[in-house]
Amino acid sequence: DQQVKQNSPSLSVQEGRISILNCDYTNSMFDYFLWYKKYPAEGPTFLISISSIKDKNEDGRFTVFLNKSAKHLSLHIVPSQPGDSAVYFCAATPNTDKLIFGTGTRLQVFP
Amino acid sequence: GAGVSQSPRYKVAKRGQDVALRCDPISGHVSLFWYQQALGQGPEFLTYFQNEAQLDKSGLPSDRFFAERPEGSVSTLKIQRTQQEDSAVYLCASSLGSGGSTDTQYFGPGTRLTVL
């Protein structure tokens, strides 16, 4: 069973606009959530995280929102830039060390 | 400083062959993880080391998979009698501390294994 789900395999956004990537999870034991970004032929790179005791975390152009009651989190990128084009993975962990990843969303930012 | 490195970057094996994949973590990182990423999927956890101790191997798909980290630094993932379903990218990650969910994992570029 897929405990972390990213239902949109791809997203296309114009440069300067907001990109919103979504993620749903099923395990209520998850207490920490992360977003990783992946370029082709490279490993995933950590982007931003949020603890289950918060509902928002912001870092520059990137903001992650957590809605625990809905078991949903989202990543907002504003303004979007062409260099943001990559695959974005949502991940979660139940207070352990292993990360459980979603299947990824491919973001394309066009001029 | 140097990041996590993995070798080889690409490996082609004939079905039934044994393979060994190497991971060099970031210097000083205590924790080391192996993940398997099949095409079109997210990474899936295989196993976790804290120094030389293998604390969790619950994700290893079969007894053909074996991982070691004998001196608490470099790690090797070995797959015996490879099968076509083993074809995937194998990712290694390391983190600084002694564990805990908030410890950032830094990933290597991965080894793409193709079993013919």
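Before any of the text, the structure's been laid out above.
Counting of residues starts from 1 at the beginning of each chain's written sequence and follows it residue by residue. Lettering of chains starts at A and numbering of ligands starts at 1, both following the order in which they are written. Two thresholds apply to this predicted model, a pLDDT of at least 70 for residue-level local features and 80 or more for giving and counting side-chain atom pairs, whereas whole-chain, interface and lining totals are computed over all residues. Side-chain descriptors were evaluated using all non-hydrogen atoms of the structure, hydrogens and water having been removed beforehand.

Participant: Help me out: how do you make sense of the overall build of chain A in this one?
Facilitator: Helix and strand labels come from DSSP, where a helix needs a run of H or I of at least four residues and a strand needs a run of E of at least two; each type is numbered from the N terminus. Looking only at helices and strands, one finds zero helices and eleven strands in chain A. Element order for chain A, N to C, with α for helix and β for strand: β-β-β-β-β-β-β-β-β-β-β. We compute the radius of gyration from the C-alpha atoms alone; for a globule the expected value is 2.2 Å times N to the 0.38, where N is the number of residues. In summary, chain A has a C-alpha radius of gyration of 13 Å against a globular reference of 13 Å for 111 residues, a match within 12%. Each of the three principal axes of chain A carries a C-alpha extent, and together these read 40 × 30 × 20 Å. In chain A, which comprises 111 residues, the share counted as buried stands at 44%. For chain A, the share of sequence-separated contacts (at least 6 apart) that also reach a separation of at least 24 residues comes to 53%. With the model as given, the accessible surface of chain A reaches about 5400 Å², and the carbon-plus-sulfur share is 49%. Under the convention used here, Asp and Glu are negative, Lys and Arg are positive, and both His and the chain ends fall outside the count. Each charge is placed at NZ for Lys, CZ for Arg, CG for Asp and CD for Glu. Chain A carries 11 positive and 10 negative side-chain charges, and their two centres are separated by 3 Å. Relative accessible area decides the class of each residue, using a 1.4 Å probe on protein chains only: under 20% of the type maximum gives buried, over 50% gives exposed, and in between gives partly exposed. Pairs of residues are marked as contacts when any of their non-hydrogen atoms sit within 4.5 Å. Residue-level accessible areas treat just the shown protein chains as cover; the underlying method is Shrake-Rupley with a 1.4 Å probe.

Participant: I keep staring at the sheet that holds strand S7 (residues 65-68) of chain B and nothing clicks. Help me out?
Facilitator: Whenever strands of a sheet pair, they do so through backbone hydrogen bonds, lying parallel or antiparallel. All names here are of chain B. Following DSSP output, two strands are said to pair if at least two bridges run between them. Pairing is antiparallel in the open sheet, where four strands are placed in the order S1-S3-S8-S7. Looking at strand neighbours, the two that pair on one side only are strand S1 (5-7) and S7, the edges of this open sheet. Here the strands of the sheet are splayed against their neighbours by 15 degrees on average, with no regard to which way each runs. Where S1 lies against strand S3 (residues 19-24), three bridges are found, and the strand directions are antiparallel. Across the sheet, Ser7 pairs through a bridge with Arg22, a residue of S3. Helix axes are fitted to C-alpha atoms over the stretch in contact, other axes to C-alpha atoms as well, and angles between N-to-C directions run from 0 to 180 degrees.

Participant: In this structure, what is going on with the interface of chain B and chain A? I would like to understand it.
Facilitator: Interface size is often expressed as the accessible area that is lost when the parts come together. Counting residues at the interface gives 22 residues for chain B, matched by 19 residues for chain A. Summed over both partners, the accessible area lost on bringing two parts together, with a 1.4 Å probe, is the buried area. In this assembly, chain B packs against chain A so that about 1600 Å² is buried in total across both faces, 56% of it on carbon and sulfur atoms. In what follows, salt bridge is the name for a side-chain nitrogen of Lys or Arg lying within 4 Å of a carboxyl oxygen of Asp or Glu. Along the contact surface separating chain B from chain A lie zero salt bridges. Two N or O atoms form a polar contact when they lie within 3.5 Å of each other; inside protein one atom must be a possible hydrogen donor and the other a possible acceptor, and for residues adjacent in sequence the pair counts only when both atoms belong to side chains. Counting every contact that joins chain B to chain A gives four residue pairs in polar contact (both at pLDDT 80 or more). Those elements giving two or more residues to the side of chain B that touches chain A turn out to be strand S4 (31-37) and strand S5 (44-50) of chain B. Looking at the side of chain B that touches chain A, the element that brings in the most residues is S4 of chain B, giving three residues. All amino acids are sorted into three groups, where Ala, Val, Leu, Ile, Met, Phe, Trp, Tyr, Cys and Pro are nonpolar, Asp, Glu, Lys and Arg are charged, and the leftover types, Gly among them, are polar. Looking at the side of chain B that touches chain A residue by residue, the classes come out as eight nonpolar, twelve polar and two charged.

Participant: Whenever I open this one, the packing of aromatic side chains confuses me. Can you help?
Facilitator: Two measures describe an aromatic ring pair: the distance that separates the ring centres and the angle between the ring planes. Pairing of aromatic rings covers Phe, Tyr and Trp, the last counted by its six-membered ring, and requires centre-to-centre distances within 6.5 Å; plane angles under 30 degrees mean stacked, over 60 mean edge-to-face, and any other angle means tilted. Counting across every chain of the model gives 14 aromatic pairs over all chains. Consider the rings of Phe89 of chain A and Phe101 of chain A, whose centres lie 6.3 Å apart with planes at 90 degrees: the pair is edge-to-face. One end of the pair, Phe89 of chain A, is in strand S9 (residues 86-93); the other, Phe101 of chain A, is in strand S10 (residues 100-101), and twelve residues separate them in sequence. Given the relative accessible area of 5%, Phe101 of chain A is considered buried. Between Tyr35 of chain B and Phe107 of chain B, the ring centres sit 5.4 Å apart and the planes meet at 45 degrees, which makes this aromatic pair tilted. Residue Tyr35 of chain B is found in strand S4, and its partner Phe107 of chain B is found in strand S10 (residues 106-107); the two are separated by 72 residues along the sequence. A connected cluster of aromatic rings, assembled from ring pairs, spans Tyr36, Phe46, Phe89 and Phe101 of chain A together with Phe33, Tyr35, Phe45, Tyr48 and Phe107 of chain B.

Participant: Before we go on, may I ask you to explain a nonpolar patch on the surface in this structure?
Facilitator: Patches here are clusters of residues that have more than 30% relative accessible area and form no salt bridge, with a 9 Å joining cutoff for like charges and a 5 Å cutoff for nonpolar side chains (Val, Leu, Ile, Met, Phe, Trp, Tyr). The grouping of Ile18, Ile20 and Val78 of chain A at the surface amounts to a nonpolar patch, some 230 Å² of accessible area in total. The topology assignment puts Ile20 of chain A in strand S3 (residues 19-25).

Participant: It is not clear to me how the nonpolar core should be interpreted in this structure. Could you clarify?
Facilitator: Counting residues in each nonpolar core, the largest one holds 23 residues, and the members touching the most others are Phe33, Trp35, Leu73, Leu75, Ile77 and Tyr88 of chain A. Of all the elements, S9 of chain A adds the most residues to this core, at four residues. Formed by 19 residues, the second largest nonpolar core is a distinct cluster that contains Cys23, Leu32, Phe65 and Ala88 of chain B. Residues belong to a common nonpolar core when they are buried Ala, Val, Leu, Ile, Met, Phe, Trp, Tyr or Cys residues joined through side-chain atoms within 4.5 Å.

Participant: How should I be thinking about the state of the cysteines in this particular structure?
Facilitator: By definition, a disulfide links the sulfur atoms of two cysteines through a covalent bond. Residues and elements named next belong to chain A. Two cysteine sulfurs form what is called a disulfide whenever their separation falls within 2.5 Å. Tallied over the full model, the rule gives two disulfides over all chains. Between the sulfur atoms of Cys23 and its disulfide mate Cys90 the distance is 2.1 Å. Between Cys23 and Cys90 the disulfide shows an S-S torsion of about -70 degrees. By sign, it is left-handed. Note that Cys23 is positioned in strand S3 and Cys90 in strand S9, a separation of 67 residues in sequence. Side by side, Cys23 and Cys90 carry an identical accessibility label, which is buried.

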